[in-house]
Each structure stands twice: as structure tokens, then as C-alpha cells.
Amino acid sequence: MNYAYYPGCSLESTSPDFHLSTQALIDFLELDIEEIPDWTCCGASAIHPDNKLLSCSLPALTLDAANQEGKDIMVQCPSCYAHLKEARHALRRKDQLTEDVLEVVGKEVESSLEIKHFSEILVHEIGLEKLQEKRVKSLEGLKIANYYGCVIVRPQKLMEYDDPENPMLMDQLVSLTGAESVDWPFKTKCCGASNSISRTDVVLDLTYEILRLAKQNGAEAISVLCPLCHINLDLRQKAIEKRYHEKFNLPIFYYTQLLGLSFGLEPKELALDRLFVSPFPLLKSKGIL
Amino acid sequence: MQININKDVNLLEFGEKLQELAETDVKKCYQCGKCTAGCPLNYLMDISPSQVIRFCQLGMKEKVLNSRSIWYCVFCDTCSTRCPQGVDIKGVMDASRRTAVRQKIKPKADIRALEKSFAGSIYSFGRVFEPGVVGGFNLRSGKLLHDVFLFPLLLLKRKICLIPHWVRSSEVRGVFKRARRKERGL
Ligand code: SF4
Ligand code: SF4
């Protein structure tokens, strides 16, 4: 295993809970994964609709930084994951776009490196059995809806993450903790993404349906792997409840936090206190804390 | 919906161009409507995703470029994943939006204001500086108080950084400049 960690802007600013719980797992599992020094933004969803060339060139800087260290890339943010893969694809095409990207970046960039989401590394490289051995606490009795969002699974040909409509990677990891993954139909429904700021009402409409369906199918909390989905479901949950006159009170965990709990890590290390919808009453009622 | 095909539109030419940009074949669409059925934003669109494709087949550029739909699409790719004919509807939305931007057609949603604020932040700092992005968006869109009530909450949970990080920003700026010049064909 030879990965460099690319946290991306969201994990650095609005999602420190994801960043900290990831770091806690890396330390606990003694993985040799270090942050890429001086990484730059992947361009987020803002550049792509405007300038395709730029949206492929910005992440190419990160590919280059990892190459310099002779490492593959580990990411947590699906949006970064997508942009890095898109840039790599642009470099692999060996056509006009490739030439343009190289010209814009101003240097030769290798495109053979791997780009992996942390959940892929956990399941495919460390393996479920090995992780199972590390479990010291069972989250039995906790019912979780696994919500992947749309970015990490689609387009499947480019992302190569998991099934585009019914992914199972996070389900497998969450099941490992002893918690129950409920069956529900909105695993990869879009949350409205970056409309969060420009059209908040749209996001409230879409996330309302997600919360409603999760609850209807028996979930007591939701597990996510995307910082933007997290903001839309956690930070905005109060606003959703107000708009629709319906109480949900569904804690939104990052999957890394649930794993960390089952490994016996402290709530503080996992930044559970930084969630907007407090998970403590639920965890206490289940005897987990 | 009744459609009057304007004799002046250069039939197919627009569709061909978009196809090239989106790298997909819109002619394969047989209007089953599956893309529209699964689109989470269809309820706000003026023409549905399958209609966008139909208008492309007909070369009706104005309909597509002046639609609200191309600005509301969030690129979730549900449509393209499910299309039985392998049409990349999302790609067409994306290509149409970029064409509209290039032709300076007035955006039908604030999403452009947000995109510009994001790009400005990356250009200046090399990374996204969230307070700057939201502030910039509020100024550009005229929604001055938008989301400001979230700031104290974010501060309380230490989920916002009030000082930007500058990272390799001159290198990033160079990339921006060269890419923009190239896109303009200079
Ligand atoms: S799903 Fe495909 S074939 Fe069906 S209407 Fe949409 S683009 Fe056409
Ligand atoms: S990519 Fe756009 S058009 Fe397609 S389903 Fe998503 S929002 Fe609708």
C-alpha cells in the first residue's frame, strides 16, 4: 500500500469531522498514508460547466504532486475523486485534450497512478476479515440507512466504484460494526449538491425525500461518505424540518465515525461532537456510549 | 406540447455540434422518457431531459440554450446511467450549458454566480475559501443575507476557517490563465 491522502477543500474547512475521523482510522489501523503536501483545489463542481480544459488541468496538478512522491492517491470526497479521475482520463486519451491539458499544466504528467476512495482501500486492500478482528464494540441494534449520493457511483464507466444504483461497499463496512443496514431505495438519489448555496430550496426538497424514505424504512441514522451530502442532510436538517413541519432527528454519521466507534475509539477523536444533529441521545439509548 | 419547427433553424447542425461536444449520439434516442422519469430536478425544469434531447435531434438550438433546464441540471447522471439507448443526456446538458456560457446567454439560475465565486476563490488562494465563496455569491446574486444565519452555527462547531490558506497560488493562477486563453481559442 502506497497512498498519499488528498483531503480536498471540503474536508479541510466545512467537514473537519470527516477529516478527523479519517485520520483517526489511519492512525488506529497503522496505515502508511500521509497527506499530500501543499495540495491545491481540484476545481470542485464550479469549473466544469464553464471550462472543461481548466476542470481537467487543476486536478492534474494533484496527480503530478502524487507522482512526485511516487504514490497513488487516496481520497474521501467523492467530488474530488470524480475530478481526479476525469483528469486522469483526459491524460489517458492521448488526443487533443491530453495535449491541451499538458500544455496548460506546463509539464509532463504521468497517468498510470491509482485513485482510490478510502472505503475501497478498507474493503479491497485491508479486507473485511482483518477489520472484523479489530472490532471491540458492537453497534448492534442501531439501524442505519447507507446513503452514497450520486457523485461517487456515476458515471460508472469513469468512476469504477461500485454498482451505480445499488452500491454495497459502505453497507459492507457498516455491517461490520454490528449495526443493521436497512434496505431502502434512495442510496444513490441526488441531494441537490452544490445547489445548497445557490438554490437552497431545491436542496431542501430533495433532502426531505431522502430523510423521509430513510425513516420510513426503519433507519435511526444515516451513514454517508460525501461531505456535501453531509452538509445538506445534517447542517440543513433543521431547515428541512421547518419547511415540511416534520421532525426527523436523524443523526448523519460519516461511515468512518461508525467504524471508529466499533474499534473503540473515543467520540472526541471521531469528532462526534461536531455533528449538528447530536448523535449522543441515540448512541446512549442503544447502550453504545 | 405543440412544436413549430422554424424554417430558419439550421436543422441538425446544432445537434451535430452538441453531439461533438458531448461525445454522444442524440439520434439514438427513441423518446422513451426514462431519463425524465428519474431526473430529480425535472419538477423545476421548463423542458424535460427527454425534450432537451428531442430538440437537439431537431436542431432547435434556441429552445435548448434558452431553457431553464440546462441551468437546473445538477449533473447527477441518473439519466445517462438509465438510458436504454446509451445516450449521454447529462453530457448534452453539460455541453449546452457551456455553449450558452460561451454565447453569453443570460443564466436562468443563480448557479453561475456561485460558480464564479468558487472559481474566484480557487484563482486567488489555490484552495476554496468558503466564507469568501458564500460572500461573493451573495454579492453577485444580490441575496445579501443568504445563509448568514449559518455562520454562527458553523463557527460553533469549528466548521469554517476565517483565514484563507494560500497554496501554490501563482502556479494555480498560471493554469487558470493558460486554460482560459486556450478555451477562447487564442
Ligand atoms: S432515456 Fe434515452 S432513449 Fe429514453 S428518452 Fe431519454 S435519451 Fe431518449
Ligand atoms: S444529470 Fe441533470 S438531467 Fe440528468 S437526471 Fe441529473 S439533473 Fe436530471
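Preceding this section is the structure that the text describes.
In this report, we go over the structure that sits alongside the text. (Residues numbered from 1 in each chain as written. Chains lettered and ligands numbered in written order. Predicted model: local features only at pLDDT ≥ 70, side-chain atom pairs only at ≥ 80, totals over all residues. Heavy atoms only, no water.)

1. Let's talk about the sheet that holds strand β1 (residues 3-6) of chain A
Residue and element names in this part refer to chain A.
Point 1. Strand order across the open sheet formed by four strands is β2-β1-β3-β4, with parallel pairing between neighbours. Since the sheet does not close on itself, it has two edges, and those belong to β2 (33-35) and β4 (115-117), each with one partner. With direction set aside, neighbouring strand axes in the sheet form an average angle of 35°.
Point 2. Both β1 and β2 contribute to a ladder of three bridges, which runs parallel. From the neighbouring strand, Tyr5 faces β2, where its bridge partner is Glu35.
Point 3. The sheet strands contacting helix α5 (residues 78-92) are β1, β3 (72-75) and β4, and the helix crosses β4 at an angle near 160°.
Point 4. Each of β1, β2, β3 and β4 touches helix α7 (residues 118-126); the most contacted strand, β4, lies at about 85° to it. (Pairing = 2+ DSSP bridges. Helix = DSSP H or I, 4+ residues; strand = E, 2+ residues; numbered from the N terminus. Axes fitted to C-alpha atoms, helices over the stretch in contact; angles between N-to-C directions. Contact = heavy atoms within 4.5 Å.)

2. A few points about the site of ligand 2
All names here are of chain B.
Point 1. Inspection of the region around ligand 2 gives Cys39, Pro40, Pro49, Cys73, Val74, Phe75, Cys76, Asp77, Thr78, Cys79, Lys90 and Met93 as its neighbouring residues.
Point 2. Elements supplying a minimum of two residues to the shell around ligand 2: α6 (78-82) and α7 (89-102).
Point 3. Residue classes in the shell around ligand 2 are distributed as nine nonpolar, one polar and two charged. (Near = heavy atom within 4 Å. Nonpolar A, V, L, I, M, F, W, Y, C, P; charged D, E, K, R; others polar.)

3. Here we look at the site of ligand 1
Point 1. Around ligand 1 sit Cys29(B), Tyr30(B), Gln31(B), Cys32(B), Gly33(B), Lys34(B), Cys35(B), Ser50(B), Cys83(B), Pro84(B), Gln85(B) and Ile89(B), and that is every residue in its neighbourhood.
Point 2. Residues that form the shell around ligand 1 fall into these classes: seven nonpolar, four polar and one charged.

4. Quick word on the pairing of strand β7 (residues 221-224) of chain A
All names here are of chain A.
Point 1. The alternating pattern of β7 places Ala221 and Ser223 on one face and Ile222 and Val224 on the opposite face, and all of these are buried.
Point 2. Here strand β5 (residues 143-147) runs beside β7; their pairing, made up of four bridges, is parallel. From the neighbouring strand, Ile144 faces β7, where its bridge partner is Ala221.
Point 3. Across three bridges, the pairing between β7 and strand β8 (residues 252-254) is parallel. When the bridges of β8 are listed, Ser223 appears paired with Phe253. (Buried < 20%, exposed > 50% of the residue type's maximum accessible area, 1.4 Å probe, protein only.)

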